[in-house]
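Below are the chains, spelled out letter by letter.
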Amino acid sequence: MTRRVRLFTTCLADVVARRTADDAEHVLRALGHDVERVHGATCCGQPAFNSGFDEPARAVAAATLRALDDGTDDPIVLPSGSCTSMLRLHWRELFHGRPEAEGAARVARRVRELSAFLADDPAALRALGPRLDVRVGYHDSCHMLRELRLREEPRTVLAQVEGLELVPLASGERCCGFGGTFSGRYPEVSTAMADSKIADVDATGVDLLVSADPGCLLQLEGRMSRTGSPVRVRHVASLLREALA
Amino acid sequence: MSATTPREDAEVGGRPLPPGWAAPAHQPGADSLADTTFEERARENLARPFQRTAIANATDHTVFALQRRFAGTAHDALRDEARRIRAHAITNLPTYLEQWVDRAEARGTQVHFAADEAEARRIVAGLCAERGVGRVVKSKSMASEEVSLNSALEGAGIDVVETDLGEFVVQAMGDRPSHVIAPILHRTQGEVHELFSAMAGEDLPDDPEALTGFAREGLRHAFLTADAGISGGNFLIAETGEVAMVTNEGNGRLTTSLPRIHIALVGIEKMLPRRTDLAVLLPLLTGHGTGQQITTYVSVLGGPRGAGEPDGPEEMHVVLLDGGRSALLGGEFEEALHCIRCGACQNVCPVYRQVGGHAYGWVYGGPIGAVLTPLFRGQADGGELSHATTLCGACDDICPVRIPLHDLLLGLRRRRVAEDVAPLSERLAFRAWGLAWRHPATYRASTAVARAGLAVLARDGVVSRRVPGLARWTATRDLVLGRRR
């Protein structure tokens, strides 16, 4: 079923991962959805919220809330598990007892992480004939796995790609060390965490490391680029776009 | 690792320990964390060559054992029940404490209250001095680490021998435990072999059984010559006034029953209302701690030797330690008191696995350490630990009593902001961020500027040099903007 979909690109995609947003839009359009990017949205507020700064978090999130709460019931799709988790689970706490609470609850009901949205209708994706001959390791982002409890959905999406072989990673569910501000606050620890994950990825022998969270990808791809890992990194959206090309 | 040097007065009380045995003075946790930062301590630990491998191997093994232990059982229901019991016990702690004291005293146990670390040291040292105690054997106790008990007793001229094998190694190395269950998780067998060989004055076989045998021989002597045994306690049972304790090496039972005096130092939060609550809490403690169905020894200690009883200590003392605990009752962080010290959150913590327990600076490492340290020691001392985590949630998922560690850590971060402990630079940064990104127009402008700046620095879509303002981030990582080929 094709429908009208709002795409919230997120701030990380706006600054460093624009192609992720473009690829997500491309895939949604290929499926026949009527995609409209949300204008006027900024950031979900997570960097400040997770640092204990609720006031600026609320101020920024309120701007995004105004843009997202557009009076429709259209699903709001995000190419980021972490931001989805913030909107879906933590806005309730952030706006608790405030005038925005009702709007935040409306938005929370509409937001969908991209791969979970695509997993609603795997047959539609398969019908497009995605094909890519690659061995893939999937990195579960902490917020998708342990907050949104989305474990199977991204795997269901990947399973629609012909030729794709999903190889389990021993450290697949362990944090990559990004942690938002953590990665800048304690760069050496953060990097050591990434290295432990990358060592596992390299040893597993995959062509691609795939995840659905731009934050984890920023961290892992950034480190893998610096250390010269032979494994390439892709967001689920980018992998699908390649598979559809 | 520093080689141990035999202490000159190895003949404490005229009862010699084997040559090379007496350990260097115990080095407890730093009295103040303010001298070093988490980052500095983490750096030091990251640089230790074998430590990360040792931690990874040990924690992987334990987590695997835990999963195997509870596979196919009603694990979640057990955890729900444990959470209910702990919440009830802590909510009603004053009542249960009163009940416990009444029942314990009726059994002949002498009860003492220690409001803080200094008072705990004073009480225990006083008991030892009054009773002419020359040698103490200790079984593993994190509460005693909290109060730096060993150095206090040694300062008073008392010979202290740690009898848990791991703690024994820690003591002999002049080290500190790095994990609540496995004190030498950060050490390798090779290091223990080296240490014990130095103590023995000969090259011992590099084999766990032989090394344990070496320790056992001297420990047996220490047990037989000690005047007092000092233990911790895993649970206080309100309805009976008992102390329950789990160990795997038998040293706990010897410590608490062989010397003429037994002193247990126990945090007040270890309370369980009923003895039958052990049926829920014990399997969770042992299963989450080591993957065992039950530990080799479970002791339920109910007072000194009674008339006509063949064994047990002449005196049993319990020192109830507050040490910042009662201040948490009824507050936002009360659930931190539910902890039963199984160490599972440390085992799964991706930060702990890299830096080890010592990086947390005080007694407790990992997620629960990052919560307890600022709560017990104050925000000024250890407050930054709430940021020493990625909030990945692995700890929440594994906690046997379902402590919401993620929420507690986040709450501590908020408190740090509310109490103005957060650094000025951080406050200004978030203020500026909040002002810029609360309006779509300034957001678009700032992201456009950031993109343009990165585009200038990038080569083939990759920024691989230090970016102004992101120097710490980009010191070890590239920013990949395009598609890396």
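Residues numbered from 1 in each chain as written. Chains lettered and ligands numbered in written order. Predicted model: local features only at pLDDT ≥ 70, side-chain atom pairs only at ≥ 80, totals over all residues. Heavy atoms only, no water.

A. Local environment of the domain arrangement of chain B. As assigned here, chain B comprises domain 1 (30-326) and domain 2 (438-480). Inter-centroid distance (C-alpha atoms) of domain 1 of chain B to domain 2 of chain B is 51 Å. (Domains from an automatic or database assignment.)

B. Structural view of the pattern of salt bridges. Residue and element names in this part refer to chain B. Under the defined criterion, the tally for this structure stands at 53 salt bridges over all chains. Taking the shortest distance from any N to any O, the salt bridge between Asp76 and Arg79 comes out at 3.3 Å. Here Asp76 pairs with Arg79, and both are found in helix H3 (residues 75-91), just three residues apart, close to one helical turn. With a relative accessible area of 5%, Arg79 lands in the buried category. Residue Asp227 is joined to Arg260 by a salt bridge in which the shortest nitrogen-to-oxygen separation is 3.8 Å. Of this pair, Asp227 sits in the loop between helix H10 (208-225) and strand E4 (228-231) while Arg260 sits in the loop between helix H11 (251-257) and strand E7 (261-267), and the two are 33 residues apart along the sequence. What makes Asp227 buried here is its relative accessible area of 10%. When its relative accessible area of 31% is taken as the criterion, Arg260 is described as partly exposed. (Salt bridge = Lys/Arg side-chain N within 4 Å of Asp/Glu carboxyl O. Helix = DSSP H or I, 4+ residues; strand = E, 2+ residues; numbered from the N terminus. Buried < 20%, exposed > 50% of the residue type's maximum accessible area, 1.4 Å probe, protein only.)

C. Representation of the side chain of Asp322 of chain B in the model. All names here are of chain B. Here Asp322 lies in the loop between strand E10 (315-321) and helix H13 (344-348). Summary of buried charges: Asp322 has no salt-bridge partner, and the nearest side chain of opposite charge, Arg325, is 6.0 Å away. At 2.4 Å, the side chain of Asp322 forms a polar contact with the side chain of Ser326. Discounting residues that sit within four places of it in the chain, Asp322 has contacts with Ala114, Ala115 and Ile268. (Lys, Arg positive; Asp, Glu negative; His and termini not counted. Polar contact = N/O pair within 3.5 Å; in protein donor to acceptor, adjacent residues only side chain to side chain. Contact = heavy atoms within 4.5 Å.)

D. The arrangement of the sheet that holds strand E3 (residues 159-162) of chain B in detail. All names here are of chain B. Reading across the sheet, the six strands line up as E1-E10-E7-E4-E2-E3 and stay open at both edges, with parallel pairing between neighbours. Across the chains shown, the open sheet's two edge strands, defined by having one partner strand only, are strand E1 (110-114) and E3. Strand-to-strand twist of the sheet, defined as the mean angle between neighbouring strand axes without regard to direction, takes the value 20 degrees. Looking at chain direction, strand E2 (residues 135-138) and E3 are connected through four bridges and run parallel. Following the sheet pairing, Val136 is matched in E3 by Val160. Docked against the sheet, helix H4 (residues 93-106) engages E1 and E10, running at close to 145 degrees with respect to E1. Those strands touched by helix H5 (residues 117-130) are E1, E2, E4, E7 and E10, and its axis lies near 145 degrees from that of E1. (Pairing = 2+ DSSP bridges. Axes fitted to C-alpha atoms, helices over the stretch in contact; angles between N-to-C directions.)

E. Highlighting the sheet that holds strand E6 (residues 162-166) of chain A. Residue and element names in this part refer to chain A. The four strands lie next to each other as E6-E5-E7-E8, forming an open sheet whose pairing is parallel. Edge positions in the sheet fall to E6 and strand E8 (232-235), since each of these pairs with one other strand and no more. Strand-to-strand twist in this sheet, taken as the mean axis angle between neighbours without regard to direction, amounts to 35 degrees. Bridge count for strand E7 (residues 208-211) against E8 is four bridges, and the pairing is parallel. Paired with Ser211 across the two strands is His235, which belongs to E8. The strands that helix H14 (residues 236-244) touches are strand E5 (131-138), E6, E7 and E8; relative to E8, the one it contacts most, it runs at about 95 degrees.

F. Region of the structure containing the domain arrangement of chain A. All names here are of chain A. Along its sequence, chain A is organised into domain 1 (4-118) and domain 2 (128-244). On the side of domain 2, 23 residues touch domain 1, which itself brings 29 residues to the contact. Taking both sides of the interface into account, the surface hidden between domain 1 and domain 2 amounts to around 2,100 Å²; carbon and sulfur atoms contribute 67%. Taken as a group, Leu12, Asp23 and Ser115 account for 21% of the area that domain 1 buries against domain 2, more than any other trio of residues on that side. Counting every contact that joins domain 1 to domain 2 gives two salt bridges. (Buried area = accessible area lost by both parts, 1.4 Å probe.)

G. Molecular detail of the interface of chain B and chain A. On the chain A side, the residues contacting the 61 residues of chain B number 68 residues. Regarding the contact of chain B and chain A, the summed buried area is about 5,400 Å², with carbon and sulfur atoms giving 55% of it. One salt bridge connects Arg149 of chain A with Asp397 of chain B, and the closest N-O pair in it is separated by 2.9 Å. The interface formed by chain B and chain A holds 30 residue pairs in polar contact (both at pLDDT 80 or more) in total. By residue number, the principal contributor to the side of chain B that touches chain A is helix H19 (residues 440-457) of chain B, which donates seven residues. Class assignment for the residues of the side of chain B that touches chain A results in 26 nonpolar, 13 polar and 22 charged. (Nonpolar A, V, L, I, M, F, W, Y, C, P; charged D, E, K, R; others polar.)

H. Spatial organisation of the nonpolar core. Core analysis: the largest hydrophobic core is formed by 104 residues, its most contacted members being Trp91 and Val189 of chain A together with Phe38 of chain B. Top contributing element to this core by residue count: helix H4 (residues 54-68) of chain A, with seven residues. In this structure, Ala116, Val136, Leu239 and Ala243 of chain A belong to the second largest nonpolar core, which totals 33 residues. (Core = buried A, V, L, I, M, F, W, Y, C linked by side-chain atoms within 4.5 Å.)

I. Spatial organisation of the pairing of E10 of chain B. Residue and element names in this part refer to chain B. Burial within E10 is extensive, with six of its seven residues counted as buried. Pairing between E1 and E10: five bridges, direction parallel. In the strand pairing of E10, Gln110 is matched with His317.

J. Geometry of the packing of aromatic side chains. If you walk through the whole model with that rule in mind, you get 13 aromatic pairs over all chains. Taken together, Phe53 of chain A together with Phe430, Trp433, Trp437 and Tyr443 of chain B form an aromatic cluster joined through their ring pairs. Over the aromatic face of Phe70 of chain B sits the side chain of Arg69 of chain B, whose NZ or CZ is 4.5 Å from the ring centroid. (Phe/Tyr/Trp six-rings, centres within 6.5 Å; stacked < 30°, edge-to-face > 60°. Lys NZ or Arg CZ within 6 Å of the ring centre and 35° of its normal.)

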